[in-house]
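# Breakdown of the fold
One letter stands for each residue in the lines below.
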Amino acid sequence: MTVTIEQGLIRVYIILLMLTLAVDARMGFCIGLVFCAIHFRKFLCFLREKKIILSLMVLFLLSGVLSAWLSPFETFPGLKTTFHYAGFISVAFLLLFLFSIGGEQTGLFFLKVLAGLAVLLALIAFAEVASDNVSRFLADHFRNGERLMVDGRVRTGATLNHSNVFGCFMSLSILLLIFLKDAGDLKAKMFYPAAAILAAAVVLSGSRNAVFVLVVPLLLLLLNRKTAKTIALMVGIAVIGLVLLTASTARFSDLWKIIPKVQQSISTVETESGRNFNTASTRLWLWQSTLAMFYDHPLTGVGPGLSNRAMKDYASARLMAVEGQKIEKMYLNAHNGFLNILAEFGLAGSAVALMVAAYLIFLLIRHYGVFPPSPVHALLAGIVLSFLPD
């Protein structure tokens, strides 16, 4: 298919934007505004077409400003986080506009670039496991010097800020590959090697959440005859990865006895009962503390991005015994995206967020139906699941 000069420029910009997201998203966004200026009338038409979702996003940001203003903590950090939300939403709308003027192939190109970025991060993760120097470099520059370990092996995170985030991104990228293959834009000889690399990266991340995000949508796709064969092979690849990478398998087979260790701090923590806990066992305590924030500030929450700060005041004694250092450094959040929004934005922001989710699900069902589940359903399910115990 012939690519016009404008489509070529949009594709170059998409690559540039992906690169700037790792450095300064504002720079990439400002460059993209040139396309909005050139196609100003089309841009206004686009905004009118998206007026429902746009209005909901504006309401969400306004709820963030209100939450920051009424926060029991400092106002500026909440406003700063709200500004970051606004930047993310603006970039998303900019990309949607570019897809509308560049055609369907531009959207598929973006997805391919995203999948390629995931494979690149997976290869970096392999180097992280193979070289202690690389591992320390990545930890120092992207995770404040923190290295999570399991059975003496580092939990990989590549250039992302946490192993769980990295693992979930790898899982979502596998689902993305399945979508591209189903759409006919990715051949089997490219799909299976890339999927195997990403599956290995999921295991090396040591993230149970990532496995959850991957396995549930895969089981969903087994109900679709068209994708069942591909999914069965993917499950086989994932199982082989778990068996071969035995050190990482420990985190999945022995949930309550293995503890991820932070090298720059203590390696294990004894609770009042005298036994070692895996950090996963503290999730319920974190959620209880987060709900306590909501009970005290039900309407507007504690402020955008301030649940980490509030955790110091709401953590129970047993949670402090296990995760005290992270809480004191304001490094620990609820490990649940929905509860985080509830605690930080209160009912006002959470209601708007639920309306956004409901509207997007409505659009999905209207376009793709409900059954049989397609790769689009699986990808959306993976995104939703990644907001649960993240």
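The rules we used
- Residues numbered from 1 in each chain as written.
- Predicted model: local features only at pLDDT ≥ 70, side-chain atom pairs only at ≥ 80, totals over all residues.
- Heavy atoms only, no water.
- Helix = DSSP H or I, 4+ residues; strand = E, 2+ residues; numbered from the N terminus.
- Buried < 20%, exposed > 50% of the residue type's maximum accessible area, 1.4 Å probe, protein only.
- Contact = heavy atoms within 4.5 Å.
- Areas by Shrake-Rupley, 256 points an atom, 1.4 Å probe, with all protein chains shown as cover.
- Expected span 1.5 Å × (residues − 1).
- Phe/Tyr/Trp six-rings, centres within 6.5 Å; stacked < 30°, edge-to-face > 60°.
- 1 Å grid on protein atoms, 1.4 Å probe; cavity = no way out; pocket = protein on both sides within 12 Å on 5 of 7 lines; lining within 4 Å.
- Points joined across faces, edges and corners; volume = space filled by probe spheres on them.
- Nonpolar A, V, L, I, M, F, W, Y, C, P; charged D, E, K, R; others polar.
- Polar contact = N/O pair within 3.5 Å; in protein donor to acceptor, adjacent residues only side chain to side chain.
- pLDDT = per-residue confidence, 0-100.
- Salt bridge = Lys/Arg side-chain N within 4 Å of Asp/Glu carboxyl O.
- Axes fitted to C-alpha atoms, helices over the stretch in contact; angles between N-to-C directions.
- Parallel < 35°, antiparallel > 145°, perpendicular 65-115°, else oblique.

### Some words on the overall build of the protein chain
A tally of regular secondary structure across the protein chain gives 17 helices and 3 strands. Taken across its 390 residues, the protein chain has 46% of its residues classed as buried. Of all intrachain contacts in the protein chain linking residues separated by at least 6 positions in sequence, the fraction that spans at least 24 positions is 71%. Looking at the protein chain as shown, the accessible area adds up to about 19500 Å², and 69% of this sits on carbon and sulfur atoms.

### Section: helix H9 (residues 188-205)
Think of an α-helix as 3.6 residues a turn; residues three or four steps apart then line up on the same face. Here H9 spans 25 Å end to end across 18 residues, near enough to the 26 Å set by a 1.5 Å rise per residue. Taken together, the buried positions of H9 are occupied by Phe 191, Ala 194, Ala 195, Leu 198, Ala 199, Ala 200, Ala 201, Val 202, Val 203, Leu 204 and Ser 205. Trailing H9 by a residue or two, Gly 206 shows a phi angle of about 65°, which is positive.

### Description of the packing of aromatic side chains
Per the stated rule, a full pass over the model turns up 8 aromatic pairs. Relative to Phe 97, the ring of Phe 43 lies with its centre 5.1 Å away and its plane at 80°, an arrangement referred to as edge-to-face. Here Phe 43 is found in helix H3 (residues 40-49), whereas its partner Phe 97 is found in helix H5 (residues 75-102), with 54 residues between them in sequence. Of the residues examined, Phe 97 reaches a relative accessible area of 0% and is grouped as buried. Ring centres 5.6 Å apart and planes at 85° place the aromatic pair Phe 60 and Tyr 85 in the edge-to-face group. Placement of Phe 60 in helix H4 (residues 51-69) and of Tyr 85 in helix H5 is noted, with a sequence separation of 25 residues between them. Taken together, Phe 43, Phe 46 and Phe 97 form an aromatic cluster joined through their ring pairs.

### Side note on empty space enclosed by the protein
Taken as a whole, this structure holds 1 cavity of 30 Å³ or more when the rule is applied. Considering only enclosed or pocket space, the largest cavity measures out at about 50 Å³ in volume. The wall of the largest cavity is formed by Glu 128, Ser 135, Ala 139, Arg 143, Glu 146, Arg 147, Leu 148, Val 154, Arg 155 and Ser 163. When grouped by side-chain class, the residues that make up the lining of the largest cavity number 3 nonpolar, 2 polar and 5 charged.

### Quick notes on the side chain of Ser 63
Looking at where Ser 63 falls in the secondary structure, it is placed in helix H4. The exposure class assigned to Ser 63 is buried, which follows from its relative accessible area of 8%. A polar atom in the side chain of Ser 63 sits 2.5 Å from the backbone oxygen of Phe 60. Apart from the residues within four sequence positions on either side, Ser 63 is in contact with Phe 345, Ala 348 and Gly 349.

### Description of the confidence of the model for the protein chain
Residues at a pLDDT of 70 or more form 83% of the protein chain, whose mean pLDDT is 78. Confidence, expressed as mean pLDDT per element, reaches its minimum in the protein chain at strand S3 (residues 261-262) with 38 and its maximum at H4 with 91. Within the model, the stretch residues 246-277 combines pLDDT values under 50 with 71 contacts to residues more than four positions away or in other chains.

### What about the environment of Asp 296?
With respect to the helices, strands and loops of the structure, Asp 296 is situated in helix H13 (residues 283-296). Taking the C-alpha atoms as reference, Asp 296 lies 9.3 Å from Ala 343; in sequence the two are 47 residues apart. Only 2.9 Å separates the side chain of Asp 296 from the side chain of Tyr 314, close enough to count as a polar contact.

### A short note on unusual backbone geometry
A positive phi angle, near 50°, is found at Ala 158, a position not held by glycine. Considering the arrangement of structural elements, one finds Ala 158 in the loop between strand S2 (153-154) and helix H8 (163-182).

### What to know about the pattern of salt bridges
Going through the model one piece at a time under the given rule, you end up with 2 salt bridges. In this structure, Arg 136 engages Asp 132 in a salt bridge whose closest nitrogen and oxygen atoms are separated by 2.8 Å. Taken together, the positions of Arg 136 and Asp 132, both in helix H7 (residues 132-142) and 4 residues apart, correspond to about one turn of that helix. On the basis of relative accessibility, which here comes to 40%, the residue Arg 136 falls in the partly exposed class. By relative accessible area, Asp 132 is classed as partly exposed at 40%. Taking the shortest distance from any N to any O, the salt bridge between Arg 309 and Asp 313 comes out at 3.4 Å. Of this pair, Arg 309 and Asp 313 both sit in helix H14 (residues 307-314), separated by 4 residues, roughly a single helical turn. Residue class for Asp 313 comes out exposed when judged on its relative accessible area of 52%.

### Observations concerning H5
Compared with the 40 Å implied by 1.5 Å per residue over 28 residues, the 41 Å span of H5 between its first and last C-alpha is a close match. Positive phi shows up at Gly 103, right after H5, with a value of about 90°.

### Regarding the packing of H13 against H14
Axis separation between H13 and H14 bottoms out at 10 Å; the angle between their running directions is 95°. Considered as vectors, H13 and H14 are oriented roughly perpendicular to each other. Packed against H13, whose contacting residues are Leu 286, Ser 289, Thr 290, Ala 292, Met 293 and Asp 296, the element H14 presents Ser 307, Ala 310, Met 311 and Tyr 314 at the interface. Of the residues belonging to the contact of H13 with H14, the class tally is 6 nonpolar, 3 polar and 1 charged.

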